[in-house]
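Next come the chains, spelled out residue by residue.
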Amino acid sequence: MPVGSTTRTWGARNPRARPTEASLIVPCVATSTAKLRESTARAVPVRPPRRAHSHRFRQRGAIAPIVALFMTIVVAALGALDIGNAFFARRSLQRTADLAALAAAQTMDDACTQPVATARANAAANGFDPDATGQTLALVCGRWDTQANAAPSYFAAGTVEAPLNAVQVTVQRKVPYFFLGPARQMSATATAKATNLGAFTVGTALAQLQNGLVNALLNALLGANLSLSVASYESLANARVRMRDVMAAAGVGTIDQLLSMQVDAAQLAELMLSALSSTAIADANLQTDIATLQAIAHGDISNTVRFGLGSGTGGNGVFALDLADRQSALDATVSPLDALLVAAEIAKAGQPPIQLAAGLTIGGLGAALKVQIIEPPVLAVGEAGMDSATQQWRTQAHTAQVRLYLNVALGTPTLPVIGSIGMNLPLSLEAAPGTAWLQSTQCAPTKTASASTIGVQPGLAKVCLGDAPANLSASQPFSCATPATLIDVPNVVKVTANVALPAVVPQSSAATLSFDGVTPNDDDYQSANANAVGSVLANALSGVAASLAQPSGLDVTLLGGLSLPLGLLDSVLLAALLPALDVLLSGIDLAIDPLLQLLGVQVGVATIHDLSLTCGAAQLVY
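The following refers to the structure shown. (Residues numbered from 1 in each chain as written. Predicted model: local features only at pLDDT ≥ 70, side-chain atom pairs only at ≥ 80, totals over all residues. Heavy atoms only, no water.)

Looking at the pairing of strand E13 (residues 379-382)
Then, number 1: The two faces of E13 match: Leu379 and Val381 on one face and Ala380 and Gly382 on the other face are all buried.
Then, number 2: Relative to E13, strand E5 (residues 197-202) runs antiparallel, the two being bridged by 3 bridges. Note on E13: the bridge partner recorded for Gly198 is Gly382.
Then, number 3: Taken together, the 4 bridges between strand E9 (residues 317-322) and E13 define a ladder with parallel strand orientation. Across the sheet, Leu321 pairs through a bridge with Val381, a residue of E13. (Buried < 20%, exposed > 50% of the residue type's maximum accessible area, 1.4 Å probe, protein only. Helix = DSSP H or I, 4+ residues; strand = E, 2+ residues; numbered from the N terminus. Pairing = 2+ DSSP bridges.)

Dropping the structure here:
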């Protein structure tokens, strides 16, 4: 050890022992721990240990809320099961009502018997037994009409006059609650409508297209230059287009917009041509019919009178449509030829008489014929039955009201001293409209089994043997006041006939005609009775010959004022007149009847042209 160093002694007991790090640290730690314990003892009082029974008490207090919560969850779950079951039961019940209403609406009849049977059968097929305990099915037939019935349902129970077009089905069932209480009565209601449409005209007949008269008629009415064959017109008479086809051709979105359109005859022909070119209705002669319509549309139609497609307060129109929901007419089918003929008469209605059938012959006798359209016919589309508010048939068509002026050349008798003189017989006729109405429709699964019933009342006629009045205005009443002038050579001789004809042809009683749902077919044209216009004229003229032979039958005036008795000329006049009258009576039927039928004019007879029966697809409306 170096000199001057200091030696430290580590302990008296073992002066040789060398101290370690642990021996140096332990005393410090012990001292610190003791101080910490002392400090803690002063700051936090020491609690006595818990007793066992206190811990068990606290456990029992925590279980009660848990059990209550669990029971709440269980009750809610069970309630949810009941509510879910009720929800699905209600949906199932509504589905049953919907399907039953749709099925029933498709089989609507006047007595509301078939819809009831159909609804019950449909419900049974879908697992709902109307006769089971706690289950009921009730059905009410009525009318769905947005114009006549109140919102929001627009449905009202009705009678056959309404007419019926909808059913309301209500089904009820007791649905049990498994956990929430007793069973609950549930119900569901559905309303469905199916609009059945008929389309028809009255007074036109396919057979009357013969003899080339349709060309003469259309040329006179439209100012056209047509020379089509009878076969072309007959084929076109069987063609059909849907109202939706016409609407698409016109570029409008609704039936109301279509009916409010103003067109002339040329534009209507173009509309029908476009509709026929795009229609989905089967037509074996489609190309021929399109060619015929093209010839008419491009036949130099010069009549530019405009008219509405729909008939209403604005005047005469081509279509008379009466529906609760006009859009239901989309699938109704109509005849392009009938529409054109109606339009041609509308274009001439109320105007002076037009010359028809130049070169017309009646039994070899030459004749001149003029026709004046007082009121045009109409093509009807709509529902069957009677409007309960107005007590009028809902869908009606009528024939035209026309005046006919016929002047027949009876020959050229040679009178003593005077020489050969032309002798004529002037006739006038006014035909009042006959009417037809869609009385009922019956839709079935097949068109053959479906049927429509159309009631018809033939029109009347006033027949005169006399000169036409000087004023041929359509607004003037028909008059038979002027005697017939048979011979008129100014300042030489004038022979007039003072023969009165029956003023009114007796009215035939109303009749009903039944048509099946298949068009075109053989029953499309039917007549209410067997009378014809020519027969009416012939019957009216049948007593003329005997009347003329009477002393007061003829009045002869010579030299502008000298009246002579018949005896001086009777042998000559009657020898020429009576045979000519026999020829006239035998030929007037064939000459006049077809032409007037093309105009939609009939007297004592009413021929119905059934265009279609469209059974509407049922749809839910409420």
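Here we look at the side chain of Asp524
Then, number 1: Among the secondary structure elements, Asp524 is positioned in the loop between strand E26 (511-516) and strand E27 (525-527).
Then, number 2: For the buried Asp524, no salt bridge is present, and the opposite-charge side chain at shortest range is Arg240, 4.1 Å distant.
Then, number 3: In terms of polar contacts, Asp524 uses its side chain to reach the backbone amide nitrogen of Asn521, at 3.0 Å.
Then, number 4: What Asp524 contacts, discounting residues up to four positions off in sequence, is Arg240, Phe515, Val518, Thr519, Ile608, His609 and Asp610. (Lys, Arg positive; Asp, Glu negative; His and termini not counted. Salt bridge = Lys/Arg side-chain N within 4 Å of Asp/Glu carboxyl O. Polar contact = N/O pair within 3.5 Å; in protein donor to acceptor, adjacent residues only side chain to side chain. Contact = heavy atoms within 4.5 Å.)

Regarding the pairing of strand E1 (residues 135-144)
On a regular strand, each side chain points to the face opposite its neighbour's, so the side chains alternate between the two faces of the sheet.
Then, number 1: By the criterion of burial, E1 is predominantly enclosed, with 7 of the 10 residues buried.
Then, number 2: Here 3 bridges tie E1 to strand E2 (residues 155-157), and the two strands are oriented antiparallel to one another. By the bridge assignment, Trp144 is partnered in E2 with Phe155.

Looking at helix H3 (residues 114-125)
Then, number 1: In this model H3 runs 17 Å from its N-terminal to its C-terminal C-alpha over 12 residues, within 8% of the 16 Å that 1.5 Å per residue would give.
Then, number 2: Along H3, the residues classified as buried are Pro115, Thr118, Ala119, Asn122 and Ala123. All buried residues of H3 fall inside an arc of 130° around its axis, so they share one side.
Then, number 3: Count one or two residues on from H3 and you reach Gly127, which has phi positive near 85°. (Expected span 1.5 Å × (residues − 1). Arc of directions from axis to C-beta.)

What about the environment of Asn316?
Then, number 1: Within the secondary structure, Asn316 sits in the loop between strand E8 (307-310) and E9.
Then, number 2: Given a relative accessible area of 36%, Asn316 falls into the partly exposed group.
Then, number 3: Filtering out sequence-adjacent residues up to four positions away, Asn316 remains in contact with Phe307, Gly308, Ser311, Ile346, Glu375 and Pro376.

Points about the side chain of Asp338
Then, number 1: Relative to the helices and strands, Asp338 resides in helix H10 (residues 336-348).
Then, number 2: For the buried Asp338, no salt bridge is present, and the opposite-charge side chain at shortest range is Arg240, 6.7 Å distant.

Description of the packing of aromatic side chains
Then, number 1: Per the counting criterion, the structure on display carries 2 aromatic pairs.
Then, number 2: With a centroid separation of 6.1 Å and 80° between ring planes, the pair formed by Trp144 and Tyr154 is classed as edge-to-face. With Trp144 in strand E1 and Tyr154 in the loop between E1 and E2, this residue pair connects regions lying 10 residues apart in the sequence. (Phe/Tyr/Trp six-rings, centres within 6.5 Å; stacked < 30°, edge-to-face > 60°.)

Some words on the sheet that holds E2
Then, number 1: Strands sit in the order E2-E1-E3-E4-E31 across an open sheet of 5 strands; the sheet is antiparallel. The two strands at the open ends of the sheet, each matched to only one other strand, are E2 and strand E31 (619-620).
Then, number 2: In the packing of H3 onto the sheet, the strands contacted are E1 and strand E3 (166-175), and the crossing angle to E1 comes to about 140°. (Axes fitted to C-alpha atoms, helices over the stretch in contact; angles between N-to-C directions.)

Structural notes on the state of the cysteines
Then, number 1: Here the structure, examined in full by the defined rule, presents 2 disulfides.
Then, number 2: Linked covalently through their sulfurs, Cys112 and Cys141 form a disulfide whose S-S length is 1.7 Å. When the S-S torsion is 75°, as for the bridge of Cys112 with Cys141, the disulfide is right-handed. Placement of Cys112 in the loop between helix H2 (52-105) and H3 and of Cys141 in strand E1 is noted, with a sequence separation of 29 residues between them. (Disulfide = S-S within 2.5 Å.)

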